[in-house]
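# Residue-level structure breakdown
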Amino acid sequence: IRVLRTEQEYAEAVKDMLLEVDQEICFFGSFDDFVRTITPEGFDRFTALRLERNIVSKTLILPTRHEMTLKRTHVQDKRELRILKKATRFLGSFQLTKHKVILWQPLTPLAVLIEDDTFVQMLQSMFDMLWEMGKD
């Protein structure tokens, strides 16, 4: 477990996840706050790196003003997109791969990187359940 205390550390950790993963990365949470934190340019860099590595993003978000943009570009960006319409809004998010999870809250900012199979499996199970709830 590693605590990430700056936006720079968080961005580096997400980049490292994208360089290590081989098939897919999952995202769940407040897309608006995620983009505001890493900047639209940072988001574009992450997307380009993910596409370069042929990684699919399973993206489960809360309702957002960016919804239509994401819907328009999700196929070309190799993003499976679902919106969890009935969720109560919150600010945080997490990214998840087979072996890592990063939990993020943008107010401090503060993130926790966890490389533990038990935590990853637990969060993957929750993500999968919420993913099904996000079907249209």
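Residues numbered from 1 in each chain as written. Predicted model: local features only at pLDDT ≥ 70, side-chain atom pairs only at ≥ 80, totals over all residues. Heavy atoms only, no water.

### Let's talk about helix 5 (residues 117–133)
To keep things clear, this is the line we draw: Think of it this way: any DSSP run of H or I at least four residues long counts as a helix, any run of E at least two long counts as a strand, and we number them from the N terminus. In this analysis, the expected span of each helix is defined as 1.5 Å times one less than the number of residues it contains. Every residue pair with non-hydrogen atoms within 4.5 Å of one another is taken to be in contact. Whenever a nitrogen or oxygen atom comes within 3.5 Å of another N or O atom, the pair is scored as a polar contact, on the condition that within protein one atom can donate a hydrogen and the other can accept it, and that pairs from neighbouring residues in sequence are kept only if both atoms are in side chains.
Taking 1.5 Å per residue, 17 residues should reach 24 Å; helix 5 reaches 24 Å between its end C-alpha atoms and fits that length. Its buried side turned inward, helix 5 meets strand 2 (24–29), strand 3 (56–61), strand 4 (79–83), strand 5 (93–96), strand 6 (101–105) and strand 7 (110–114). The residue sitting at the N-terminus of helix 5 and contributing the capping side-chain oxygen is D116; that oxygen lies 3.0 Å from the backbone nitrogen of T118.

### Points about the sheet that holds strand 6
Cut-off, in case you're wondering: Between any two strands, at least two bridges found by DSSP are needed for them to pair. Inter-axis angles, ranging from 0 to 180 degrees, are taken between N-to-C directions of lines fitted to C-alpha atoms, where helices are fitted over the stretch in contact.
Taken together, the 7 strands give an open sheet; going across it, the order is 1-7-6-5-2-3-4, and neighbouring strands pair in mixed fashion. Looking at strand neighbours, the two that pair on one side only are strand 1 (2–4) and strand 4, the edges of this open sheet. Pairwise comparison of adjacent strand axes, ignoring direction, gives a mean angle of 15° for this sheet. Note: strand 6 against strand 7, 5 bridges, orientation antiparallel. Pairing of W104 across the sheet is with A111, part of strand 7. Sheet contacts for helix 2 (residues 31–38): strand 2, strand 3, strand 5 and strand 6; angle to strand 2, the most-contacted strand, approximately 110°. Contacts between helix 3 (residues 40–52) and the sheet are confined to strand 2, strand 3 and strand 4, with strand 4 contributing the most and set at about 130° to the helix.

### A word on helix 1 (residues 7–20)
Helical geometry: 3.6 residues make up each α-helical turn, so side chains three or four residues apart lie on a common side. Short version of the rule: Only protein chains enter the accessibility calculation, which uses a 1.4 Å probe. A residue is then buried if its area is under 20% of the maximum for its type, exposed if over 50%, and partly exposed in between. Arc, as used here, means the arc of the directions from the helix axis to the C-beta atoms.
Along its 14 residues, helix 1 runs 20 Å from first to last C-alpha, staying within 8% of the 20 Å computed at 1.5 Å per residue. Among all positions in helix 1, only Y10, A13, V14, M17 and L18 are buried. Buried residues along helix 1 cover an arc of 140° about the axis, so they all sit on one side. Set apart from the buried face of helix 1 by more than 90 degrees, the exposed residues are Q8 and E20.

### Structural notes on the environment of V3
Mapping V3 onto the fold places it in strand 1. Residue classification places V3 among the partly exposed residues on the basis of a relative accessible area of 38%. In this structure the C-alpha to C-alpha distance between V3 and V112, which are 109 residues apart in sequence, comes to 4.7 Å. Look past the residues within four positions of V3 in its chain and what remains in contact with it is E9, L110 and A111.

### What about a nonpolar patch on the surface?
Quick reminder of the rule: Only residues above 30% relative accessible area that lack a salt bridge enter a patch, with like-charged residues linked at up to 9 Å and the nonpolar side chains Val, Leu, Ile, Met, Phe, Trp and Tyr linked at up to 5 Å. Accessible surface is estimated by sampling points in the Shrake-Rupley manner with a 1.4 Å probe; for residues, cover comes only from the protein chains shown. A pairing counts as a salt bridge when a side-chain nitrogen of Lys or Arg comes within 4 Å of a carboxyl oxygen of Asp or Glu.
On the surface, a cluster of nonpolar side chains totalling about 420 Å² of accessible area is made up of I1, F119, M122 and M126. Within the secondary structure, I1 is located in the segment before strand 1. Among the residues examined, I1 registers a relative accessible area of 75% and is labelled exposed.

### Some words on the side chain of R82
Among the secondary structure elements, R82 is positioned in strand 4. There is a polar contact of 2.8 Å between the side chain of R82 and the backbone oxygen of W131. Each residue touching R82, except ones within four places of it in the same chain, is listed here: T59, L60, I61, W131, E132, G134 and K135.

### What to know about the layout of surface pockets
The condition is simple: In this analysis the probe radius is 1.4 Å and the grid spacing 1 Å, with only protein atoms considered; a cavity is a set of points the probe fits into but cannot get out of, a pocket is an open set with protein on both sides within 12 Å along at least five of seven lines, and lining residues have an atom within 4 Å of a point. Grid points are joined across faces, edges and corners, and a volume is the space filled by probe spheres set on the points. Classification used: nonpolar for Ala, Val, Leu, Ile, Met, Phe, Trp, Tyr, Cys and Pro, charged for Asp, Glu, Lys and Arg, polar for all others including Gly.
Taken as a whole, the largest pocket encloses approximately 300 Å³ of empty space. Lining the largest pocket are 16 residues, with V21, E24, T97, K98 and H99 positioned closest to its centre. Here the lining of the largest pocket takes 4 residues from helix 5, the largest share from any one element. Taken together, the residues of the lining of the largest pocket break down into 5 nonpolar, 5 polar and 6 charged. Here the second largest pocket defines a volume of roughly 240 Å³. If you go around the second largest pocket, the residues you meet are E7, Q8, Y10, A11, E12, K15, T37, I38, G42, R45, F46 and L49. Among the elements that take part in the lining of the second largest pocket, helix 1 stands out by supplying 6 residues, more than any other. Residue composition of the lining of the second largest pocket, by class: 5 nonpolar, 3 polar and 4 charged.

Remember, this is a structural readout, not a statement about activity or role.
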